[in-house]
Amino acid sequence: MMQSGGTGRETWGSKLGFVLAAAGSAIGLGNIWRFPYVLGENGGFAFLIAYLACVVLVGLPIMGAELAIGRGSGRNPVGAFKALLPGSLWWVVGGVGLLTGVLILSYYSVLAGWTVFYLTQSATGEIIFPTLAGDIVTALTFASTGLHIQFAQHMTESLFTGFVTNSPLVLLFHFIFMILCLLVVSQGVEKGIERYSKILMPTLLGLLFLLIIRSVTLPGSFDGLVFLFKPDFSKLSLDVILLAMGQAFYSLSLGMGVMITYGSYLDRKTNLFASGATVAGLDVGIALLAGVVIFPAVFAVGLEPSSGPGLTYIVLPAVFGKLPAGSLLATLFFLLLTIAAVTSAISLLEVMVSFATDEWKWKRRRATIIMAIVAFVIGVPSAMSFGDWSNATIFGLGFFDLADFLSANILLPVGGILIALFAGWAWGSEKVKAEIRDGNPELKLFPVWIWMVRILAPIAVLIVLMTNII
Ligand code: TRP
């Protein structure tokens, strides 16, 4: 059993358990749904490079800062700032982080609900059924394969539209997904989050490898790899860099306090930089592997990589419909996506639960149930925003798109800047140093890290934000 700061506070059972739980938080729909489509829309390779740069220059330093703040305080994001700098207003950063987390969880659960729905449908063959029906019609009408596959996509698109505009059904799956998260989180840190992460993360890897093998052995799949890895900087613009930075924050679960919370359950022997880097490495690796599943398959059947958020739910089912054993492949893929979503969403819920148990002294069970209800209710407008409430828009975006854009591209980067500044300046350099030293006695990379959180990361994030707002 590991020991940690606050008395009576739960802790991780092992270092591996912590790494898997933190990687489980990072690896999610952001890697498998968001990363491929944002990359597809923004020129492939150019986006990839901008993303990697943001992970190294901004993501890694902030990851270290969050883990240090968490372990140093042994508290939730609000309590952490209060404990480390009593009497200051820094707790507001944790408070905004908490609200950002609620916002993310609310629409994340809607999206994950779609995934669960698709899982049930692919298991019954329903997803690719329209494609098969399309086959018969098109075989009679068109001889050309190009038109053929486009027709298949047309069919999967109507299936998707039929589902997302069916608000009661979307709400039902949003609810089911939230219940899944509640069941895990209510069992606690070690017996819930850690235990499930240890089962689910290896399963996720196994599924991913199966799908990669299938995808890259398809005839014509090579073009997908070219799209992903062929150097082409011509598409690199400020917009692309903002999206890459948002993606880095989102994908690494940074900027709102997940890593503060997960760090608060850590023992003093863990090397924070090394485990942070492991988590980031796993996260980036899985995003790339998701790209290696998706693009070769999309190119192999002759569809477009730049199809936006519908890539996963419209293009892929059309792809599966074209492959032998398509419904099995679809089932494995949506199972992968569901697993990734659960291990991420539980981290968001855990932030809220740790806040309520620390600050309001609620029992874990009660905190989990109430917070899950809150996130469910806030998610209702997002769930409805494709159906009954599709006319309600703010700045031209529906609730769902607005929540996604606002959290990833604005709130998380702003939170990240403030977290970096806190660790670099406000907390006090001797205290930060002492915190990092536990588990990392030689303080390897500390001199580099401290200037990254003091200057480089905040300025880089600020410049990207400002140039996009002006
Ligand atoms: N990182 C997760 C993903 O890639 C999403 C996520 C979980 C998240 N917790 C977060 C994003 C905290 C931002 C902040 O899907």
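Residues numbered from 1 in each chain as written. Predicted model: local features only at pLDDT ≥ 70, side-chain atom pairs only at ≥ 80, totals over all residues. Heavy atoms only, no water.

**Some thoughts on the packing of helix H11 (residues 238-251) against helix H17 (residues 399-426)**
To describe two helices that pack against each other, one gives the angle between their axes and the distance between the axes.
(1) Moving on: Contact geometry of H11 with H17 gives a least axis separation of 9 Å together with a crossing angle of 75 degrees. Relative to H17, the element H11 lies roughly perpendicular. Judged by residue contacts, Leu 242, Leu 243, Met 245, Gly 246, Phe 249 and Tyr 250 of H11 engage Asp 404, Ala 408, Asn 409, Leu 412, Pro 413 and Gly 416 from H17.
(2) Moving on: A class-by-class count of the residues in the contact of H11 with H17 yields eight nonpolar, three polar and one charged. (Axes fitted to C-alpha atoms, helices over the stretch in contact; angles between N-to-C directions. Helix = DSSP H or I, 4+ residues; strand = E, 2+ residues; numbered from the N terminus. Parallel < 35°, antiparallel > 145°, perpendicular 65-115°, else oblique. Contact = heavy atoms within 4.5 Å. Nonpolar A, V, L, I, M, F, W, Y, C, P; charged D, E, K, R; others polar.)

**Examining unusual backbone geometry**
(1) Moving on: Despite not being glycine, Ser 253 has its phi angle at roughly 55 degrees, a positive value.
(2) Moving on: Note that Ser 253 resides in the loop between H11 and helix H12 (258-263).
(3) Moving on: The phi angle at Leu 443 is positive, at roughly 55 degrees, despite the residue not being glycine.

**Description of the packing of aromatic side chains**
(1) Moving on: A full pass over the atoms with the stated rule returns 37 aromatic pairs.
(2) Moving on: An angle of 75 degrees between the planes, with centres 5.1 Å apart, marks the rings of Trp 12 and Tyr 262 as edge-to-face. Separated by 250 residues along the polypeptide, Trp 12 in the segment before helix H1 (15-26) and Tyr 262 in helix H12 bring together distant segments of the chain. Judged on exposure class, the residue Trp 12 and its partner Tyr 262 are both buried.
(3) Moving on: Between Phe 35 and Tyr 51, the ring centres sit 5.1 Å apart and the planes meet at 50 degrees, which makes this aromatic pair tilted. In this pair, Phe 35 sits in helix H2 (residues 29-41) while Tyr 51 sits in helix H3 (residues 45-73), placing the two residues 16 residues apart along the sequence. (Phe/Tyr/Trp six-rings, centres within 6.5 Å; stacked < 30°, edge-to-face > 60°. Buried < 20%, exposed > 50% of the residue type's maximum accessible area, 1.4 Å probe, protein only.)

**Considering the nonpolar core**
(1) Moving on: Ranked by size, the top nonpolar core spans 160 residues in total, and within it Phe 333 and Trp 449 carry the most contacts.
(2) Moving on: The leading source of residues in this core is helix H15 (residues 326-359), at 19 residues.
(3) Moving on: In this structure Phe 333 touches Ile 32, Leu 211, Ile 294, Thr 312, Leu 316 and Phe 320, once residues within four positions along its chain are discounted. (Core = buried A, V, L, I, M, F, W, Y, C linked by side-chain atoms within 4.5 Å.)

**Quick look at the site of the ligand**
(1) Moving on: The environment of the ligand is made up of 17 residues, and the closest members are Ala 26, Gly 30, Tyr 108, Tyr 250 and Ser 253.
(2) Moving on: For the ligand, an oxygen atom lies 3.1 Å from a polar atom in the backbone of Leu 29.
(3) Moving on: Contact with the protein chains hides 100% of the accessible area of the ligand, taken as 360 Å² for the molecule alone.
(4) Moving on: Put simply, the parts of the chain that give the shell around the ligand at least two residues each are H1, H2, helix H5 (91-123), H11 and H15.
(5) Moving on: Among the residues making up the shell around the ligand, the classes are represented as nine nonpolar, eight polar and no charged. (Near = heavy atom within 4 Å. Polar contact = N/O pair within 3.5 Å; in protein donor to acceptor, adjacent residues only side chain to side chain. Areas by Shrake-Rupley, 256 points an atom, 1.4 Å probe, with all protein chains shown as cover.)

**Overview of the environment of Pro 381**
(1) Moving on: Looking at where Pro 381 falls in the secondary structure, it is placed in helix H16 (residues 364-384).
(2) Moving on: A C-alpha to C-alpha distance of 7.5 Å links Pro 381 and Phe 400, two positions 19 residues apart in sequence.
(3) Moving on: Residues within four places of Pro 381 in sequence aside, it is in contact with Trp 389 and Phe 399.

**A short note on the pattern of salt bridges**
(1) Moving on: This structure, assessed with the given rule, holds eleven salt bridges.
(2) Moving on: Here Glu 359 ties to Lys 82 by a salt bridge, and the two come within 3.9 Å at their closest N and O atoms. Of the two residues, Glu 359 is situated in helix H15 and Lys 82 in helix H4 (residues 77-84); the sequence distance between them amounts to 277 residues.
(3) Moving on: We classify Lys 82 as partly exposed; its relative accessible area is 40%.
(4) Moving on: Note that Asp 267 is salt-bridged to Lys 269, the shortest N-O span being 3.9 Å.
(5) Moving on: What makes Lys 269 exposed here is its relative accessible area of 70%.
(6) Moving on: Residues joined by salt bridges that share partners form a network here, namely Arg 71, Arg 268, Glu 435 and Asp 438. (Salt bridge = Lys/Arg side-chain N within 4 Å of Asp/Glu carboxyl O.)

**Structural notes on the side chain of Thr 156**
(1) Moving on: Turning to its location among the elements, Thr 156 is positioned in helix H7 (residues 145-164).
(2) Moving on: Assessed through its relative accessible area of 0%, Thr 156 is described here as buried.
(3) Moving on: Of note is the side chain of Thr 156, whose polar atom sits 2.8 Å from the backbone oxygen of Ile 314.

**Thoughts on the environment of Leu 421**
(1) Moving on: Mapping Leu 421 onto the fold places it in helix H17.
(2) Moving on: Put simply, Leu 421 and Ala 274 are 147 residues apart on the chain and 21 Å apart in space, counted from C-alpha to C-alpha.
(3) Moving on: With sequence-adjacent residues up to four places away left out, Leu 421 is seen in contact with Trp 90, Ala 426, Val 453, Arg 454 and Pro 458.

**Some words on the side chain of Thr 115**
(1) Moving on: Note on placement: Thr 115 falls in helix H5.
(2) Moving on: We classify Thr 115 as buried; its relative accessible area is 0%.
(3) Moving on: Residues in contact with Thr 115, not counting those within four places in the same chain, are Leu 29, Tyr 313, Phe 334, Leu 337 and Thr 338.

**Observations regarding the confidence of the model for the protein chain**
(1) Moving on: Model confidence for the protein chain is summarised by a mean pLDDT of 90, while 93% of its residues fall at 70 or above.
(2) Moving on: For the stretch residues 1-6, pLDDT sits under 50, and the model shows 17 contacts to residues farther than four places along the chain or on other chains. (pLDDT = per-residue confidence, 0-100.)

**Overview of H5**
(1) Moving on: With 33 residues, H5 extends 46 Å between its outermost C-alpha atoms, agreeing within 8% with the 48 Å of an ideal straight helix rising 1.5 Å per residue.
(2) Moving on: With 26 of 33 residues buried, H5 lies mostly within the body of the structure. (Expected span 1.5 Å × (residues − 1).)

**Some details on a nonpolar patch on the surface**
(1) Moving on: Side chains of Val 56, Leu 57, Trp 425, Trp 451, Ile 455, Leu 456, Ile 459 and Ile 463 sit close together on the surface and give an oily, nonpolar patch of about 750 Å² of accessible area.
(2) Moving on: Among the secondary structure elements, those contributing two or more residues to the nonpolar patch are H3 and helix H19 (446-469).
(3) Moving on: For Leu 456, the location among the structural elements is in helix H19.
(4) Moving on: Since its relative accessible area comes to 39%, Leu 456 is described here as partly exposed. (Patch = residues over 30% accessible without salt bridge, like charges linked within 9 Å, V, L, I, M, F, W, Y side chains within 5 Å.)

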